[in-house]
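# Fold and contact review
In case you want the letters, here they are:
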There are 2 protein chains.
Amino acid sequence: MEYTPFTPPNRTLMGPGPSDVHPRVLEAMARPTIGHLDPAFVGLMDEIKALLQYAFQTENRLTMPVSGPGTAGMETGVVNLLEPGDTAIVCHNGVFGRRITAMAERAGAEVVVVEDPWGRAVDPEKVEAALKQHPEAKMLAFVHAETSTGVLSDAETLAALAHEYDCLTLVDTVTSFGGVPLHVDAWGLDVVYTGTQKCLSCVPGLSPITFGERAVEVVQQRTTPVQSWFLDTGLVMAYWGDGAQRSYHHTAPINALYALHEALLMLRKEGLEHAWARHRRLHEALKVGLEVLGLQFIVPEAERTPQLNAVSVPGGVNEGKVRHRLLREHDLEIGAGLGDLAGRIWRIGLMGYAARRENVLKCVDALGTVLADEGLAVDAQGALDAVQSALATPAEA
Amino acid sequence: MEYTPFTPPNRTLMGPGPSDVHPRVLEAMARPTIGHLDPAFVGLMDEIKALLQYAFQTENRLTMPVSGPGTAGMETGVVNLLEPGDTAIVCHNGVFGRRITAMAERAGAEVVVVEDPWGRAVDPEKVEAALKQHPEAKMLAFVHAETSTGVLSDAETLAALAHEYDCLTLVDTVTSFGGVPLHVDAWGLDVVYTGTQKCLSCVPGLSPITFGERAVEVVQQRTTPVQSWFLDTGLVMAYWGDGAQRSYHHTAPINALYALHEALLMLRKEGLEHAWARHRRLHEALKVGLEVLGLQFIVPEAERTPQLNAVSVPGGVNEGKVRHRLLREHDLEIGAGLGDLAGRIWRIGLMGYAARRENVLKCVDALGTVLADEGLAVDAQGALDAVQSALATPAEA
């Protein structure tokens, strides 16, 4: 077999992630590799930590990128906090809550599930009932913005409840980080992890995480070792911790960290509030376009997260065929449903560098064209007009 | 604080890894990101698997890159093979065997340690004694080329012993892969993992791994779940397995996989035998240069691995100062000692793209210059002459 260098197609990534990566980030990643103990690299690590603290809105000292995808960040949170026999309350309203449960069970914990329908926010009343019923619970885990449904839950309220019952919080912000307001310290979130491939305009592969003081204490008071050596924060912090002396734990993914640094620089330059407002504004424009096309959001308006728009597949339409045509004919990627929603919804992301005007126009144009071609009676031109009109509204309005 | 884009210094990486990354690999990594379920990406995954099979010299179907550094690959091997109560024989002759033990213990296994001195190969007689004494052992783990000492152990002989006693092998080839002969199938190695940042000329961050049929059966017959959800090969293979249907497990590090593909292409083009010969040839040239400088290898000649040269720090020389001067004045990184050998040795890597003529010359020149400047009576010019003469010898000689 003859192998040749890979030339990727030039996609517009409007699925649930990875989203479009900013060209500056790609360029940064291609800079020459240096050693993971090089003094120049150690300086870069300090900047990455400070920039992550800004993006998380925290002063937590234990703030660093895990050297693996968001799933590794999730597991880092779970296995450091939980010991065999601990009780964990885990909120399920989509794929990722279930994943936390699977990990917590493998860590030997007793899991109490708080179930909400897919497409709805986590219900604080149910959470409070579970906290009341399980005063022994050590951890309440929930997903801030559920990537499988496009729902945003009220992290501040849930964290306040948890602390009322002396319970730590583990919060998945993979999709929310950089896209919607997130205030780790002000909301009192204990352990929070995210991914780089969503609203950060960065490549996939790293998982920034932060541990608050209470969480650090709990980890330090463990009576059993963390079951993962690779993800044991006590060991990893010998490398990522403060001070000049950084000792080897594993070889850091140097070039991916160049990319993360550049993406964080850009987020800081734009400013978090502006980034949040941009995601919100472009979501509003996309929303009117999708509505004119007759597509129904699966999430009640008040519970939607702007950067991930989940809509039902219209009756009579071949879900997979539409996605494949968008990809083949328009180089546009949107996402399918996951788990219980497979085959029933599309997930349209507006994340990071993908959250820009031309993408909203391109998406509504391409979807309108393909749906009309598939025989659906859609007002493709009306949808585009509506988007343009929404985009013309001043940002202050 | 004002943050600016990071411009790394242009180092020559001759430590224990990361080693110099080929410019083609850096360029490949900066190509536009696409989705992890994009048909174009799925085709790339198939090529990566086939190229990894070539590089491992195996036909194992379960061959894939773990989405994390070599340490994650090590943990993947350990936690998939071992269940609580299993017995594992682990060979210690450097840092990485100890690390396998730490992971095996966290997986609930009973560990039998076979101890050899740092700087010596694993002794097959001791291994056979341990196998005889522990017929219940499920796994024999050892490091092929110890990154902490530059020792190469005889993987073929150790694997043959293990199978005589019906025991699986877990083999660390992080430093050996691509640099010295490695024949996974011909030698009957069961689970073998490596890293991308050594003899592959690729960036750090991924850990290729391969499981043979016997190992796959053992994993399938487990009675307890793999303790890591992230590293559970049964789950990961839903994404990396054969067939058109690839389902989501975690978001693959797309751009790092572009880099891996390009590096594997280049290795295949050069040919494994040629890559092995190149590492051997340049090691011979470096060796004569270091010897003329009066530096002593810590490993007996027959047990040295050519791509990692560990030499004692001469008496009266400030170890750290020499390394820092090499870095600052010559942009040359060499490695310090790890663990028991910290402060006592230097580790000089000749790995992948770093294994080339100009690097050998540069290293001997820079070391000679700095050592002379530090007051050591060294024949710097003689060392360079010896290297040049060794490099002038035809490859066939």
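Since we're looking at a predicted model, the values are computed, not measured. (Residues numbered from 1 in each chain as written. Chains lettered and ligands numbered in written order. Predicted model: local features only at pLDDT ≥ 70, side-chain atom pairs only at ≥ 80, totals over all residues.)

### With respect to the overall build of chain A
- Looking only at helices and strands, chain A has 14 helices and 13 strands in total.
- Taken along the three principal axes of its C-alpha coordinates, chain A extends 65 × 55 × 55 Å.
- Within chain A, the fraction of its 397 residues that count as buried is 59%. (Helix = DSSP H or I, 4+ residues; strand = E, 2+ residues; numbered from the N terminus. Buried ≥ 20, exposed ≤ 12 C-beta atoms within 10 Å, placed from the backbone.)

### Some words on the interface of chain B and chain A
- Taken together, the contacts link 65 residues of chain B with 65 residues of chain A.
- Secondary-structure elements contributing two or more residues to the side of chain B that touches chain A are α1 (23-29), α2 (39-56), α3 (70-81), α4 (95-106) and α10 (254-270) of chain B.
- Examining the composition of the side of chain B that touches chain A, we find that 8 residues originate from one element, α10 of chain B, more than from any other.
- Residue composition of the side of chain B that touches chain A, by class: 36 nonpolar, 19 polar and 10 charged. (Contact = placed C-beta atoms within 7 Å. Nonpolar A, V, L, I, M, F, W, Y, C, P; charged D, E, K, R; others polar.)

### Section: the nonpolar core
- Ranked by internal contacts, the top residues of the largest apolar core, which has 279 residues, are Met29 of chain A together with Leu140 of chain B.
- Filtering out sequence-adjacent residues up to four positions away, Met29 of chain A remains in contact with Val203, Asn255, Ala256, Tyr258 and Ala259 of chain A together with Met29, Ala30 and Asn255 of chain B. (Core = buried A, V, L, I, M, F, W, Y, C linked by C-beta atoms within 7 Å.)

### Notes on unusual backbone geometry
Residue and element names in this part refer to chain A.
- Residues Gly17 and Pro18 are joined by a peptide bond in cis, for which omega reads 5 degrees.
- Locating Pro18 in the fold gives a position in the loop between β1 (12-14) and α1 (23-29).
- Its identity is not glycine, yet Ser201 carries a phi of approximately 65 degrees, on the positive side.
- Within the secondary structure layout, Ser201 lies in the loop between β9 (191-193) and β10 (207-211).
- The buried category is assigned to Ser201, around which 29 C-beta atoms lie within 10 Å.

### Details of the sheet that holds strand β11 (residues 308-312) of chain B
Residue and element names in this part refer to chain B.
- Spatially, the 3 strands line up as an open sheet ordered β11-β14-β13, and their pairing is antiparallel. At either margin of the open sheet sits one strand with a lone partner, and together these are β11 and β13 (335-336).
- As paired strands, β11 and strand β14 (residues 345-349) are joined by 5 bridges and run antiparallel to one another. In the strand pairing of β14, Val311 is matched with Trp346. (Pairing = 2+ DSSP bridges.)

### Concerning the relation of the copies chain B and chain A
- Placing chain B over chain A gives an RMSD of 0.0 Å and needs a rotation angle of 180 degrees, together with 0.0 Å of translation along the axis. Here the copies are linked by what is in effect a two-fold axis.
- Both copies present the same face, since 100% of the interface residues in chain B are matched by interface residues at the equivalent positions in chain A. (Least-squares fit on C-alpha atoms with pLDDT ≥ 70 in both.)

### A word on the environment of Arg344 of chain A
Residue and element names in this part refer to chain A.
- Along the chain, the position of Arg344 falls in the loop between β12 (332-336) and β13 (345-349).
- For Arg344, a count of 14 C-beta atoms within 10 Å gives the class partly exposed.
- Each C-alpha atom, one on Arg344 and one on Leu189, is 33 Å from the other, the two residues being 155 residues apart in sequence.
- Not counting residues within four places of it along the chain, the set of residues in contact with Arg344 comprises Ser312, Val313 and Gly337.

### A short note on the sheet that holds β9 of chain A
All names here are of chain A.
- What the 7 strands build is an open sheet, ordered β2-β10-β9-β8-β5-β3-β4; its pairing is mixed. Each edge of the sheet is formed by a strand with only one pairing partner; in this case those strands are β2 (62-66) and β4 (110-115). With strand direction ignored, the average angle separating the axes of adjacent strands in the sheet is 15 degrees.
- Against the sheet, helix α4 (residues 95-106) makes contact with β3 (87-92), β4, β5 (137-143) and β8 (168-172), and its axis sits at roughly 160 degrees relative to β3, the strand it touches most. (Axes fitted to C-alpha atoms, helices over the stretch in contact; angles between N-to-C directions.)

### A few points about the domain arrangement of chain A
Residues and elements named next belong to chain A.
- Examined at the domain level, chain A breaks down into domain 1 (22-268) and domain 2 (272-392).
- Placing the centre of domain 1 and that of domain 2 at their C-alpha centroids yields a distance of 29 Å.
- The residue makeup of the side of domain 1 that touches domain 2, split by class, is 12 nonpolar, 11 polar and 2 charged. (Domains from an automatic or database assignment.)

### A few points about helix α3 (residues 70-81) of chain A
- The end-to-end C-alpha distance of α3 of chain A, which contains 12 residues, comes to 17 Å, matching closely the 16 Å that a straight helix rising 1.5 Å per residue would cover.
- Turning to α3 of chain A, its buried residues are Gly70, Thr71, Ala72, Gly73, Met74, Glu75, Thr76, Gly77, Val78, Val79, Asn80 and Leu81 of chain A. (Expected span 1.5 Å × (residues − 1).)

### Structural notes on the pairing of β8 of chain A
All names here are of chain A.
- With 5 of 5 residues buried, β8 is to be regarded as a mostly interior element.
- By the alternation rule, side chains of β8 split into Leu168, Leu170 and Asp172 and Thr169 and Val171, which are all buried.
- Alignment of β5 against β8, held across 5 bridges, turns out to be parallel. Pairing of Phe142 across the sheet is with Val171, part of β8.

### Considerations on the pairing of strand β5 (residues 137-143) of chain B
Residue and element names in this part refer to chain B.
- The element β5 is largely enclosed, with a buried count of 7 among its 7 residues.
- Here 4 bridges tie strand β3 (residues 87-92) to β5, and the two strands are oriented parallel to one another. Following the sheet pairing, Ile89 is matched in β5 by Leu140.

### Focus on the packing of helix α5 (residues 124-133) of chain B against helix α6 (residues 155-164) of chain B
All names here are of chain B.
- The N-to-C vectors of α5 and α6 enclose an angle of 15 degrees; their axes lie 10 Å apart at closest approach. With respect to each other, α5 and α6 are oriented roughly parallel. The handedness of the crossing between α5 and α6 is right-handed. Here α5 contributes Pro124, Val127, Glu128 and Leu131 to the contact with α6, which in turn contributes Thr157, Leu158, Leu161 and Ala162.
- Broken down by class, the residue content of the contact of α5 with α6 amounts to 6 nonpolar, 1 polar and 1 charged. (Parallel < 35°, antiparallel > 145°, perpendicular 65-115°, else oblique. Left-handed = near helix turned anticlockwise from the far one by under 90°.)

### Re the environment of Arg11 of chain B
- Looking at where Arg11 of chain B falls in the secondary structure, it is placed in the segment before β1 (12-13).
- Exposure remark for Arg11 of chain B: the 21 C-beta atoms within 10 Å place this residue in the buried category.
- A C-alpha to C-alpha distance of 4.8 Å links Arg11 of chain B and Asp331 of chain B, two positions 320 residues apart in sequence.
- Once residues lying within four places of it in the same chain are set aside, the contact partners of Arg11 of chain B are Ile34, Gly35 and Asp38 of chain A together with Asp331 and Glu333 of chain B.

### Quick look at the packing of helix α11 (residues 272-292) of chain B against helix α14 (residues 380-392) of chain B
Residue and element names in this part refer to chain B.
- α14 packs onto α11 with a crossing angle of 160 degrees between their chain directions and a minimal axis gap of 8 Å. Between α11 and α14, the angle is such that the two are roughly antiparallel. The interaxial crossing formed by α11 with α14 has right-handed handedness. Contacts from Glu284, Ala285, Val288, Gly289 and Val292 in α11 reach Gly382, Ala383, Ala386, Val387, Ala390 and Leu391 in α14.
- Here the contact of α11 with α14 is built from residues that sort into 8 nonpolar, 2 polar and 1 charged.

### Examining the confidence of the model for chain A
- Per-residue pLDDT for chain A has a mean of 96; in total, 99% of the residues score no lower than 70.
- With pTM at 0.98, the complex prediction returns an ipTM value of 0.97. (pLDDT = per-residue confidence, 0-100.)

### Notes on the environment of Phe142 of chain A
Residues and elements named next belong to chain A.
- For Phe142, the location among the structural elements is in strand β5.
- Judged by the 28 C-beta atoms lying within 10 Å of it, Phe142 falls in the buried class.
- Note: C-alpha distance between Phe142 and His92 (50 residues apart in sequence) is 7.4 Å.
- Phe142 has contacts with Cys91, Gly97, Val122, Ser153, Leu158 and Val171, leaving out every residue within four places of it along the chain.

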